[in-house]
Amino acid sequence: MLSIASWNINSVRLRMPIVERFIREQAPDVLCLQEIKCQEHQFPYEAFRALGYEHFAVHGQKGYHGVATVGKVPFRDFSRHDWQDNGEARHVGVELTDPAHQGAIVENVYIPAGGDIPDREQNAKFGQKLDFLERMARWADGIDRPTLIVGDFNVAPLESDVWNHKQLLKVVSHTPIEVESLQRFMDAHGWADIGRQHIPDPRRYYSWWSYRAKDWKANDRGRRLDHMWASPALAAQAVGHSVHEDARDWDKPSDHVPLVTEFDL
């Protein structure tokens, strides 16, 4: 068995106490973090080593973005793509190297949020997001190995992925053009949406709640921005998937919650 977790932590150094709690409770073999908001030399390696995580692939930058994959199982750095072509640290890929899981690829990505206005003419950030997704689709078209891609995709594609489909149709993360771009990325490799394999549409499935809500649980205005997708053969080996909503209530929480998938490899 192999368990892999994904979590937009919104500053790993600030939220290391809840990362430690999550690890004590769930102990994933591999943990993929997004929005670590630190440079590589600032990453809390020793805190992870104290918890039994000895393997690291960290792609960071000062104060913004950044992704990191940590593991109890060994892996090697496999890829670092710059799908915006602007130097932002938004992706790191690893190849698992232990005999039991040798050869599996885990890609960890933080897709741009895209700003507030869903129009590339008025908002350059929205155009960058769409271009990022199109470049990912071209990359995915050439994948020829069992691959898992996880992270904060910043798109909630299905009606049941948001608290109100009609109200959010013109809100960045749920607009038709973003959903279409994400679908092209899915089709390029034939990715399987592991989350929706285990929590089928139209069941409610959210992974993010805004900090602006005074009571996130009572309002429950969530969106499914975080995803775990796999190559079809790898997805067929996924035997469990869970969304840890309780983490949104922990002390100084991220606005995202962790996802965990278990594989029988």
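Residues numbered from 1 in each chain as written. Predicted model: local features only at pLDDT ≥ 70, side-chain atom pairs only at ≥ 80, totals over all residues. Heavy atoms only, no water.

Visitor: Explain the sheet that holds strand β12 (residues 226–230) to me, using residue names and the numbers behind them.
Guide: Spatially, β5-β6-β7-β8-β12-β9 is the arrangement adopted by the six strands of the open sheet, whose pairing is mixed. Each edge of the open sheet is held by one strand with a lone partner, namely β5 (75–79) and β9 (192–193). Relative to strand β8 (residues 147–152), strand β7 (residues 105–110) is paired through six bridges, and the arrangement is parallel. Of the residues in β8, the one forming a bridge with E107 is I149. Along the sheet, helix α3 (residues 124–140) makes contact with β7 and β8, crossing β7 at roughly 170°. (Pairing = 2+ DSSP bridges. Helix = DSSP H or I, 4+ residues; strand = E, 2+ residues; numbered from the N terminus. Contact = heavy atoms within 4.5 Å. Axes fitted to C-alpha atoms, helices over the stretch in contact; angles between N-to-C directions.)

Visitor: Kindly report on the nonpolar core, identifying the contributing residues and their values.
Guide: Ranked by size, the top nonpolar core spans 27 residues in total, and within it I4, L96, V106, L148, I194 and F263 carry the most contacts. Secondary structure elements with two or more residues in this core: β1 (2–8), β2 (30–34), β6 (91–96), β7, β8, β12, α8 (232–235) and β14 (259–263). When residues in this core are grouped by element, the largest group, three residues, is from β6. In this view, L148 contacts I4, I105, V106, E107, I194, W229, A230, L234 and F263; residues no more than four positions away in its chain are not counted. Of all hydrophobic cores here, the second largest spans 23 residues; its members include M16, L33, F48 and V58. (Core = buried A, V, L, I, M, F, W, Y, C linked by side-chain atoms within 4.5 Å. Buried < 20%, exposed > 50% of the residue type's maximum accessible area, 1.4 Å probe, protein only.)

Visitor: Go over the sheet that holds strand β3 (residues 55–59), please, and point to the residues and values.
Guide: Strand order across the open sheet formed by six strands is β3-β4-β2-β1-β14-β13, with mixed pairing between neighbours. Since the sheet does not close on itself, it has two edges, and those belong to β3 and β13 (238–243), each with one partner. Across the sheet, the mean angle separating the axes of adjacent strands is 10° when strand polarity is ignored. Against the sheet, helix α1 (residues 16–26) contacts β1, β2 and β14, and its axis sits at roughly 160° relative to β1.

Visitor: Quick one: what's the story with the packing of aromatic side chains, residue by residue and with numbers?
Guide: Under the counting rule described, the total for this entry stands at 16 aromatic pairs. Consider the rings of W83 and F132, whose centres lie 5.7 Å apart with planes at 70°: the pair is edge-to-face. A residue pair is termed long-range when its members are at least 10 positions apart, and W83 in the loop between β5 and β6 and F132 in helix α3 qualify at 49 residues. In this structure W83 comes out as buried when scored by relative accessible area, which is 5%. Residue classification places F132 among the buried residues on the basis of a relative accessible area of 1%. Ring centres 5.1 Å apart and planes at 85° place the aromatic pair F153 and W229 in the edge-to-face group. Pair noted here: F153 is in the loop between β8 and α4 (165–168) and W229 is in strand β12, with a separation of 76 residues, a long-range link. Here F153 matches W229 in class, with each residue buried. Among the aromatic residues, those joined into a ring-pair cluster are W83, F132, W139, F153, F185, W191 and W229. (Phe/Tyr/Trp six-rings, centres within 6.5 Å; stacked < 30°, edge-to-face > 60°.)

Visitor: Any chance you could break down the environment of E245 for me, citing the residues and the numbers?
Guide: Inspection of the secondary structure puts E245 in the loop between β13 and β14. For E245, a relative accessible area of 23% puts it in the partly exposed group. With 39 residues separating them along the chain, E245 and Y206 place their C-alpha atoms 8.4 Å apart. In this view, E245 contacts R204, Y206, W209, W216 and V257; residues no more than four positions away in its chain are not counted.

Visitor: Describe α1, with residues and values.
Guide: Among all positions in α1, only M16, I18, V19, F22 and I23 are buried. Projected onto a plane normal to the axis of α1, the buried residues spread over an arc of 160° and lie on a single side. Those residues of α1 that are exposed and aimed more than 90 degrees away from the buried face are P17 and R24. Next to the buried residues of α1 lie β1, β2, α2 (45–49) and β14. Following α1 by one or two positions, A27 has its phi on the positive side, about 45°. (Arc of directions from axis to C-beta.)

Visitor: Run through the pairing of β2, naming residues and quoting values.
Guide: Burial analysis of β2 places five of its five residues in the buried class, which makes it a mostly covered element. Judged by which residues are buried, β2 turns out to be covered on both faces: V30, C32 and Q34 on one side and L31 and L33 on the other are all buried. Of the strand pairs in this sheet, β1 and β2 are connected by five bridges, and their pairing is parallel. Bridge pairing in β2 places W7 opposite L33. Traced from β1 through α1 to β2, the parallel crossover comes out right-handed. Relative to strand β4 (residues 67–71), β2 is paired through five bridges, and the arrangement is antiparallel. Within β4, the residue paired with C32 across the bridge is T69. (Right-handed = clockwise from strand over helix to strand, strands pointing away.)

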